[in-house]
Amino acid sequence: MRTLCRTTLLAGIFLLLAGLFGQPLPVVGASPTSESTPEINCWDYKVYLPLIANGQSNQISSCLNGEEAQLADLINAYRQEKGLPAVSLSQSLTRVAQAHVRDLYENRPNTGECNLHSWSDKGNWTPVCYTPDHKYASGMWQKPAEITNGLYTGYGYEIAYWHSLQATAEGAFTAWKFSSGHNAVMIEDGIWKGMKWGAMGIGIYQNYAVVWFGQESDPLGSVSACTR
């Protein structure tokens, strides 16, 4: 869908808890102005609510750049304001997140009906055209396991963001915080209540930012800031 705004923000999350429910959840509105509308006025941003889950050893990057580290800090500080513990940074989920933002930027799999949670056929993973009807959701659930060669076996849940100029930690966090669906994932509210996130991966590259959450702790351990 085309928007004529100079600066357009696009955020997407997957809310399809296949591991917890027998069938896909209905699409839920996640707009700061309307709970029933899947997209917002063009001067704000658009929100789509599809979801991912499940947990190769893609040697993209196993460290966090400055923006990625800042985003992790913003999310954990926000959780602590809500009385929730900080989520441990995960090397496995960070590999997934960083692989995805680069795939989104370099290969643009999110075209036509394929939304922001799609993956191209240009990497060592199974390509996915993720559509609003969740028909190919199983391809998304497998991504953490694919990217880590099965080392991270739990489900993974992604929130994603796009900016027409440059994705930043502050921009992504603010968009998610004021989107009810994304906010609920970050602070384990609504249908996410009691999820007790045990791992978090961050990826920011060019126009894209994504965060992956998982309940299981990461057998590969944590990830630290990149050294110059």
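Residues numbered from 1 in each chain as written. Predicted model: local features only at pLDDT ≥ 70, side-chain atom pairs only at ≥ 80, totals over all residues. Heavy atoms only, no water.

### Points about the packing of aromatic side chains
Here a ring pair, both rings aromatic, is described through the centre-centre distance and the interplanar angle of the planes. Counted according to the given criterion, the structure contains 8 aromatic pairs. Taking the centre distance of 5.6 Å and the plane angle of 85° together, the rings of Tyr78 and Phe173 count as edge-to-face. Separated by 95 residues along the polypeptide, Tyr78 in helix 1 (residues 66–81) and Phe173 in helix 5 (residues 169–177) bring together distant segments of the chain. The same class applies to Tyr78 and to Phe173, which are both buried. Look at Tyr105 and Tyr205: their rings are 5.5 Å apart centre to centre, the planes differ by 85°, and that puts the pair in the edge-to-face class. On the criterion of sequence distance, the pair formed by Tyr105 in helix 2 (residues 91–107) and Tyr205 in strand 5 (residues 199–205) is long-range, its members being 100 residues apart. (Phe/Tyr/Trp six-rings, centres within 6.5 Å; stacked < 30°, edge-to-face > 60°. Helix = DSSP H or I, 4+ residues; strand = E, 2+ residues; numbered from the N terminus. Buried < 20%, exposed > 50% of the residue type's maximum accessible area, 1.4 Å probe, protein only.)

### Let's talk about the nonpolar core
Nonpolar side chains tend to gather and get buried jointly when the protein is soluble and globular. Grouped together as the largest cluster of nonpolar side chains are 29 residues, with contacts concentrated most on Leu71, Met186, Val211 and Phe213. Breaking this core down by element, the ones donating at least two residues are helix 1, strand 4 (157–163), helix 5, helix 6 (180–186), strand 5 and strand 6 (208–214). Broken down by element, the residue count for this core peaks at 5 residues, all from helix 5. Those residues in contact with Leu71, other than ones at most four positions away along the chain, are Ala169, Phe173, Trp176, Ile202, Ile204 and Val211. Ala99, Val128, Trp141 and Trp212 belong to the second-largest nonpolar core, a separate cluster that totals 21 residues. (Core = buried A, V, L, I, M, F, W, Y, C linked by side-chain atoms within 4.5 Å. Contact = heavy atoms within 4.5 Å.)

### Overview of the pattern of salt bridges
Tallied over the entire structure, the rule returns 3 salt bridges. In this structure, Lys122 engages Asp121 in a salt bridge whose closest nitrogen and oxygen atoms are separated by 3.0 Å. By relative accessible area, Lys122 is classed as exposed at 60%. Residue classification places Asp121 among the exposed positions, given a relative accessible area of 54%. Residue Lys143 is joined to Glu146 by a salt bridge in which the shortest nitrogen-to-oxygen separation is 3.5 Å. (Salt bridge = Lys/Arg side-chain N within 4 Å of Asp/Glu carboxyl O.)

### Focus: the pairing of strand 5
Most of strand 5 sits out of view: 6 of its 7 residues are buried. Note that strand 5 and strand 6 share 7 bridges and pair antiparallel. Across the sheet, Ile204 pairs through a bridge with Ala209, a residue of strand 6. Where strand 5 folds back on strand 6, the antiparallel hairpin that results is connected by 2 residues, among which Gln206 adopts a positive phi of roughly 55°. (Pairing = 2+ DSSP bridges.)

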